[in-house]
Each structure stands twice: as C-alpha cells, then as structure tokens.
Amino acid sequence: MKLYCKKCNYQLTVMELQQANPDQANMDDQAPIIGSGLYINAPEIEIHFETPIDFLVNIKSVNLQNHKDSTRLYGCCGPGDLSVLNQVYPNCSAEIGVIVADCWLPHFIGISAGAVSKEPLW
Ligand SMILES: [Zn+2]
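Residues numbered from 1 in each chain as written. Predicted model: local features only at pLDDT ≥ 70, side-chain atom pairs only at ≥ 80, totals over all residues.

Caption draft 1: Here's a closer look at unusual backbone geometry. The backbone of Asn 9 sits at a positive phi, close to 75°, despite the residue not being glycine. Here Asn 9 lies in the loop between strand 1 (4-5) and strand 2 (18-19). Asn 9 gets classed as partly exposed once you count the C-beta atoms within 10 Å, which come to 13. A positive phi angle, close to 70°, is found at Gln 30, a residue other than glycine. Structurally, Gln 30 is set in the loop between strand 2 and strand 3 (38-41). The exposure class assigned to Gln 30 is partly exposed, which follows from the 14 C-beta atoms found within 10 Å. (Helix = DSSP H or I, 4+ residues; strand = E, 2+ residues; numbered from the N terminus. Buried ≥ 20, exposed ≤ 12 C-beta atoms within 10 Å, placed from the backbone.)

Structural data, given as structure tokens:
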C-alpha cells in the first residue's frame, strides 16, 4: 500500500508497503518491529495504544517528522508514549502517527488510518 496525507494529498510512504503477518513482527525491545517495505495491522500485535493506531511500519518507510510539542515525545530514553500522536507530515503539519523508540518496546511508527488515505484524494 501507499499512504497519502488526508490534509494535503502528498504521499507520505517512501516506498510501496506490503502487509506482513503478525508472526513476522520482532517484539524484542529496541528492535525494528518490521523491515522497511512492510507493515503490520496494529490490532494484531500485543501493544495497547490509547489513541487509534492502525498500521505499524519501519521508521524508514515513511516521511514524517517530530511534532513541535516536545511533551508528546516523552519516554524513558526515547519517545514511548502510546497515548499521543507525535509524528506530523512535514508539508502541512497534519498529525499522522506516533513514533516509539524507547527501551521497553520494539521500535516503529504507528499510523492512524483516520489521517491517511490509501489512494490519492485528488
Ligand atoms: Zn499533509
């Protein structure tokens, strides 16, 4: 799949992403949860978000940047808050997802399906 920002219609995935099975996820602390070019459906993984998160991707698979509100990037030794959106699209600052890069979870970006489209909108 490719993902487009619902606000500005630009493509935020930097490559085509193929769905991976949940048993391909690396659940070790600090490991990339999945390789670049793949995604996992978040409900299939034992990580409990307190904000709607639908797809988990490798940090290298999407073009996003940190939210300017640095309180959304709290964690132990890296961002690890599962209740906020802290990744924005650089063009329009739409809140797209959450980066998790702390010591107590695998590393990934979680994407909120409500912020993105799988097809260009216009
Ligand atoms: Zn946008």
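Caption draft 2: Structural context of the nonpolar core. Of all hydrophobic cores here, the largest spans 30 residues; its most connected members are Leu 12, Leu 56, Val 57, Ile 96, Ile 109 and Ile 111. Those elements that provide at least two residues to this core are strand 3, strand 4 (55-57), strand 7 (95-100) and strand 8 (108-111). With 4 residues, the single largest contributor to this core is strand 7. Those residues in contact with Val 57 that lie beyond four places of it in its chain are Leu 17, Tyr 39, Val 62, Phe 108, Ile 109 and Ile 111. (Core = buried A, V, L, I, M, F, W, Y, C linked by C-beta atoms within 7 Å. Contact = placed C-beta atoms within 7 Å.)

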